[in-house]
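# An overview of the molecular structure
Residue-level listing of the chains:
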2 protein chains.
Amino acid sequence: MARWKPDARGRLQRAALELFAERGFEQTTALEVAERAGVTERTFFRYFPDKREVLFDGAGELQRVIVESIDSAPATLAPIDVVGAAMQVGAGFLEGGREYSRQRAAVIAANPSLQERELLKLASLGAAVAEALRRRGAPELTAALAAEAGVSVFKIGFETWIGDDSAPEFRQCIRSALDQLTSLTAASTRTEQAPDSTTSGTPPQSAAPLSASPLSASPLSA
Amino acid sequence: MARWKPDARGRLQRAALELFAERGFEQTTALEVAERAGVTERTFFRYFPDKREVLFDGAGELQRVIVESIDSAPATLAPIDVVGAAMQVGAGFLEGGREYSRQRAAVIAANPSLQERELLKLASLGAAVAEALRRRGAPELTAALAAEAGVSVFKIGFETWIGDDSAPEFRQCIRSALDQLTSLTAASTRTEQAPDSTTSGTPPQSAAPLSASPLSASPLSA
DNA sequence: CCATCAATGTCAGTTACTGCCATCAGTCTA
DNA sequence: TAGACTGATGGCAGTAACTGACATTGATGG
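Since the model is a prediction, treat every value here as computed from it, not as a measurement. (Residues numbered from 1 in each chain as written. Chains lettered and ligands numbered in written order. Predicted model: local features only at pLDDT ≥ 70, side-chain atom pairs only at ≥ 80, totals over all residues. Heavy atoms only, no water.)

## Description of the overall build of chain A
In plain terms, the rule: Secondary structure elements are taken from DSSP: a helix is a run of H or I of four residues or more, a strand is a run of E of two residues or more, and numbering for both begins at the N terminus. Throughout, exposure labels follow a simple rule: accessible area from a 1.4 Å probe, protein chains only, divided by the maximum for the residue type, with under 20% read as buried, over 50% as exposed, and the rest as partly exposed. Contacts: residue pairs with any heavy atoms within 4.5 Å of one another. Each accessible area value is a Shrake-Rupley result obtained with a 1.4 Å probe; residue values ignore everything except the protein chains displayed when judging cover.
Per the secondary structure count, chain A includes 10 helices and zero strands. Helices (α) and strands (β) of chain A occur, in sequence order from the N terminus, as α-α-α-α-α-α-α-α-α-α. For chain A, the proportion of its 222 residues judged to be buried stands at 53%. Restricting to contacts in chain A with at least 6 residues of sequence separation, those with at least 24 account for 65%. Entry remark: accessible area of chain A is about 9,800 Å², with carbon and sulfur atoms responsible for 54%.

Okay, here's the thing in structure tokens:
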């Protein structure tokens, strides 16, 4: 009908963020987003696999930047330092759009299903970082832990940067978190003594996994 | 119609895990789960807010056990040690149901939307742990980082425990991850030198947040 | 002017949920 | 013991997120 409008994807993204910020994610229909963008609902789902994904288009870029940083780091650097540096590079990638980041973070914080998607993206980032570390020779467990630590630092650094107007640059927030993590683990006074397993009154066996007890015991067939 | 059947919740949970394991999560309808459990689809959604939640009933219990462990830890213990001990208590809570944990983990690993839900549960656990740490006087940043570290160790310990038949007890896996984390951060050789921000060719400003670039620049209004 | 291709529009259909109301058995009470 | 009450369900209609199949349209190359 109407003439051919370019940048449908971008218009959908902007329309979505606006509407989600105004009425909230759940109170906004994919159809409404599409209409504001001047396209059909069907077109919305051609650009994005689901309604949430319209807010996460840049995750792939961020991940790529961080992984590239790791791949190009000097081979002699310790895994934790490689990851720390990579997270600062990632921070530099976002540094320019603080207001946008704020708005987007607010929308996500207001909806659990959006939080889930963000956590999945971060998990994906963690997996990619771990793989990159293994690529440069880090042992399995080391790679996994360093990656998780890096993502945690990034996440916490981001929250600090976003949440505090007087906060320094994003990169600086990450540096602080990194230092904090180092002193945290260094502060361990633990001897070889494992804490009493029944501390909280939980019997050693029985116990349900991440799910309810009714299922645990036997092969949950009954 | 039929006489009153007890434990509808438990039957739904078992039916769901069976069907999800057989045909996969997406290939299984909420209606099918309900029918196998001998109830209506409507009843399924009375017990669980959504189809995924039927697999995560025990998350609350695990969280409670861990938080209680933190609350009852000696006040002198360093945050990282408190968290480490708490995660071992949590591990003890699941220790008895390894086979169940395996099956459940396999189902979850096979579906992204289930992974998302699991990540949300873990994030909730992390938030609760951080809060418990603050309650005992830990500074904001310290609490957040120690909590994240604890959850990471728990997650990695769990994967080790589940994925390797020759792996030791869950608690042992966590201990290993904990030690590994300590030596990891201690291995940092970083000076006060921050890595070059433009390492990966990203200009200091511009840059898109966690989302695509088209939106970043201005207040994304245009 | 016609074949073609990419980006859309149209439509019908499945499925996850939700609100509302009826039913049914067990219980408490006058 | 009839009647009110309550807790757990069944039934049903309706919304909204996706999806597959097919028609349309505008720009392009020959």
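## Some points on helix α9 (residues 170-186) of chain A
Rules: Multiplying 1.5 Å by the residue count of a helix minus one yields the expected span of that helix.
Along its 17 residues, α9(A) runs 25 Å from first to last C-alpha, staying within 8% of the 24 Å computed at 1.5 Å per residue. F170(A), R171(A), C173(A), I174(A), R175(A), A177(A), L178(A), L181(A), L184(A) and T185(A) are the residues of α9(A) that are buried.

## Examining the confidence of the model for chain A
Residue and element names in this part refer to chain A. What counts, and what does not: pLDDT gives the predictor's per-residue confidence on a scale running from 0 to 100.
Summarising the model, chain A shows a mean pLDDT of 86, and 83% of its residues fall at 70 or more. Between the elements of chain A, mean pLDDT differs from a low of 35, seen in helix α10 (residues 213-216), to a high of 98, seen in helix α7 (residues 112-135). Confidence over residues 192-222 falls short of pLDDT 50; this stretch has 76 contacts with residues more than four positions distant or in other chains.

## Comments concerning the packing of helix α6 (residues 98-109) of chain A against helix α8 (residues 140-163) of chain A
Residue and element names in this part refer to chain A. What counts here: Geometry is summarised by axes, namely lines fitted to C-alpha atoms with helices restricted to the contacting stretch, and by angles between N-to-C directions that run from 0 to 180 degrees. When an angle is under 35 degrees it counts as roughly parallel; over 145 it counts as roughly antiparallel; between 65 and 115 it counts as roughly perpendicular; any other value is oblique. Asp, Glu, Lys and Arg are counted as charged, while Ala, Val, Leu, Ile, Met, Phe, Trp, Tyr, Cys and Pro are counted as nonpolar; the rest, among them Gly, fall into the polar class.
Put simply, α6 and α8 touch, their axes get as near as 10 Å, and they point 105° apart. When the axes of α6 and α8 are compared, the pair comes out roughly perpendicular. Within the contact between the two elements, α6 uses R98, S101, R102 and A105 and α8 uses F158, W161 and I162. Residues belonging to the contact of α6 with α8 are distributed by class as follows: four nonpolar, one polar and two charged.

## A closer look at the packing of aromatic side chains
Quick reminder of the rule: Working definition: a ring pair exists when centres of Phe, Tyr or Trp rings (six-membered ring for Trp) sit within 6.5 Å. Plane angles under 30 degrees give stacked, over 60 give edge-to-face, the rest tilted. To sit over a ring, a charge needs its Lys NZ or Arg CZ within 6 Å of the ring centre and within 35 degrees of the ring normal.
Tallying each qualifying case throughout the model produces 16 aromatic pairs over all chains. Geometrically, the ring pair formed by F44(B) and F45(B) is edge-to-face, given 5.1 Å between the ring centres and 70° between the ring planes. For F45(B), a relative accessible area of 33% gives the class partly exposed. Ring centres of Y47(B) and F48(B) lie 6.5 Å apart, and the angle between their planes is 45°; this geometry places the pair in the tilted category. Here F48(B) falls in the buried class, since its relative accessible area comes to 1%. Taken together, the aromatic side chains of F44(A), F45(A), Y47(A) and F48(A) make up a single cluster linked through ring pairs. Above the plane of the ring of F25(A) lies K51(A), whose end atom (NZ or CZ) is 4.2 Å from the centre. Positioned over the ring face of F56(B) is R104(B), at 5.0 Å from the centre of the ring.

## Describing the pattern of salt bridges
Condition: By definition, a salt bridge exists where a carboxyl oxygen of Asp or Glu is found within 4 Å of a side-chain nitrogen of Lys or Arg.
Throughout the structure, instances matching the rule amount to 39 salt bridges over all chains. One salt bridge connects R52(B) with E116(A), and the closest N-O pair in it is separated by 2.8 Å. Of this pair, R52(B) sits in the loop between α3 (41-47) and α4 (59-71) while E116(A) is found in helix α7, placing the two residues in two different chains. Residues D165(B) and R102(B) are paired through a salt bridge, measuring 2.8 Å at the closest nitrogen-oxygen approach. Residue D165(B) is located in the loop between α8 (140-163) and α9 (170-186), and its partner R102(B) is located in helix α6 (residues 98-109); the two are separated by 63 residues in the primary sequence. Residue D165(B) is classed as exposed on the basis of its relative accessible area of 62%. On the basis of relative accessibility, which here comes to 17%, the residue R102(B) falls in the buried class. Taken together, the shared-partner salt bridges connect D50(A), R52(A), E53(A), R117(A), K121(A) and E116(B) into one network.

## Digging into the nonpolar core
Let me state the cut-off plainly: Residues belong to a common nonpolar core when they are buried Ala, Val, Leu, Ile, Met, Phe, Trp, Tyr or Cys residues joined through side-chain atoms within 4.5 Å.
Of all hydrophobic cores here, the largest spans 90 residues; its most connected members are V129(A), L133(A), V129(B) and L133(B). In contact with L133(B), other than residues within four places in its own chain, are I70(B), P79(B), V82(B), V83(B), A138(B), A143(B), A146(B) and A147(B). Core analysis: the next-biggest nonpolar cluster, separate from the first, contains 21 residues, L12(B), A15(B), A16(B) and L114(B) among them.

## Topic: helix α2 (residues 30-37) of chain B
Residues and elements named next belong to chain B. Which entries qualify depends on this criterion: Summarising the geometry, the arc corresponds to the directions from the helix axis toward the C-beta atoms.
Considered for burial, the residues of α2 that qualify are A30, V33, A34 and A37. Down the axis of α2, the smallest arc covering the buried residues is 100°, so these residues share one side. In this fold, the buried residues of α2 make contact with α1 (8-23) and α3.

## Points about the packing of helix α1 (residues 8-23) of chain A against α6(A)
Residues and elements named next belong to chain A. The condition that has to hold: By definition, turning the near helix anticlockwise from the far helix through less than a right angle yields a left-handed crossing, and turning it clockwise yields a right-handed one.
It is at 9 Å that the axes of α1 and α6 come closest, and there the two elements cross at 55°. Taken as axis vectors, α1 and α6 run oblique relative to one another. The chirality of how α1 crosses α6 is left-handed. Between α1 and α6, the contacting residues are L17, F20 and A21 on the first element and Y100, Q103, R104 and V107 on the second.

## Things to note about the environment of D7(A)
Residues and elements named next belong to chain A. The condition is simple: Counting of polar contacts relies on pairs of N or O atoms within 3.5 Å, with two restrictions inside protein: one atom must be capable of donating a hydrogen and the other of accepting it, and residues adjacent in sequence are counted only when both atoms are side-chain atoms.
Here D7 shows up in the segment before α1. In the structure, D7 is positioned 115 residues away from L122 in sequence and 27 Å away in space, judged by C-alpha atoms. A distance of 3.2 Å separates a polar atom in the side chain of D7 from the backbone nitrogen of G10. Looking at D7, its side chain comes within polar contact range of the side chain of R14, at 3.0 Å.

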